[in-house]
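# Structural overview for review
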Amino acid sequence: MPLDADGIARSINLWEGLGAARLPHFSQAVLQAAKQLPSGIALFPTNKSNVSSSDLIALDARKVKFLGPPNHFQRISYIKALSGEYPLHFFKDKIVLVGATAVGLGDVLPTPVSAYLQPMPGVEFHANAIEAMRNSGLIIDAPFWLTCILSMILAVIPLLFLPKLSPLKSLVAIIFYYFIVMASAVALPQ
């Protein structure tokens, strides 16, 4: 998983490979094998650029919409599953991931829902990515130009109403405006 600048894992690349991005992400491959891949996910990479065979190429970055903190998904012991403690119909029509969940094994990632306090096991990160992809919940970053225009508009709006208000009303209005912008920023990715 690629880590962002702050060291948090919140995204995946739908396609990766050496020299060319030919390999689908694990989540995409699992859903394709289970015949549950949503129609919005491409079966082949959109950009087929070839560069040096030693360079890692990653395409179609998406952010994962996490369903909850670590331990959100049902876990069962691998030994209990192999020994037959669960009936056969328990696994019917389910995607089952096998992986290590112990923090001491090193396969853990800090995520937006866990950060550094309780890192999420890699297998659970994949479960979140699979579920987000299955429900079309992968988030695409807005283009840079759109972000710039939106930022300029948000900066200009207070200039339209603040000069017409008294200092106290301006303070109250800017606090109210701040909370509206923050609530919108939190709600938009969903």
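See above for the structure.
Throughout, a residue's number is its position along its own chain's written sequence, starting from 1. Side-chain atom pairs in this predicted model are given and counted only at pLDDT of 80 or more, local residue features only at pLDDT of at least 70, and totals for whole chains, interfaces and linings cover all residues. Think of the side-chain values as coming from all heavy atoms in the structure, minus any hydrogens and water.

To continue, consider the sheet that holds strand β2 (residues 23-24). Strand-to-strand pairing in sheets goes through backbone hydrogen bonds, with the strands running parallel or antiparallel. Paired strands are those between which DSSP finds at least two bridges. A run of DSSP states H or I qualifies as a helix once it reaches four residues; a run of E qualifies as a strand once it reaches two. Both are numbered from the N-terminal end. Across the sheet, three strands lie side by side as β2-β1-β3; this open sheet has antiparallel pairing. In this open sheet, the two strands that pair with only one neighbour each are β2 and β3 (56-63). As paired strands, strand β1 (residues 11-18) and β3 are joined by seven bridges and run antiparallel to one another. When the sheet's bridge partners are listed, tryptophan 15 is paired in β3 with leucine 59.

Our focus in this paragraph is the environment of valine 30. For valine 30, the location among the structural elements is in helix α1 (residues 26-33). Buried means the residue's accessible area, taken with a 1.4 Å probe over protein chains only, is under 20% of the maximum for its type, while exposed means over 50%, and partly exposed covers the values in between. Look at valine 30 and you get buried, because its relative accessible area is 17%. Apart from the residues lying within four places of it in its own chain, the contact partners of valine 30 are Ile95 and Ile130. Residue contacts follow a heavy-atom distance rule, with two residues in contact if any of their heavy atoms lie within 4.5 Å.

Turning our eyes to something else, we now look at the packing of aromatic side chains. Note on aromatic pairs: the rings of Phe, Tyr and Trp (six-membered ring only in Trp) are paired at centre separations within 6.5 Å, and the planes decide the class, stacked below 30 degrees, edge-to-face beyond 60, tilted for the rest. Tallying each qualifying case throughout the model produces six aromatic pairs. The side chain of lysine 94 reaches across the aromatic face of phenylalanine 90, ending 4.2 Å from its centre. For a ring to carry a charge above it, either NZ of a lysine or CZ of an arginine must fall within 6 Å of the ring centroid while also lying within 35 degrees of the normal to the ring plane.

Moving on, we come to helix α5 (residues 167-187). Each full turn of the α-helix corresponds to 3.6 residues, which orients residues three or four apart in the same direction. Between its terminal C-alpha atoms α5 stretches 30 Å, which fits the 30 Å expected from 21 residues at 1.5 Å a residue. Inspection of α5 places Ser170, Ala173 and Tyr177 among the buried residues, and these make up the whole buried set. End-on view of α5: buried residues confined to an arc of 65°, all on one side of the axis. Counted as exposed and oriented over 90 degrees from the buried face of α5: Leu168, Val172, Phe176, Phe179 and Val186. Take the number of residues in a helix, subtract one, and multiply by 1.5 Å to get its expected span. Picture the helix axis, draw a direction to every C-beta atom, and the arc is the one those directions span.

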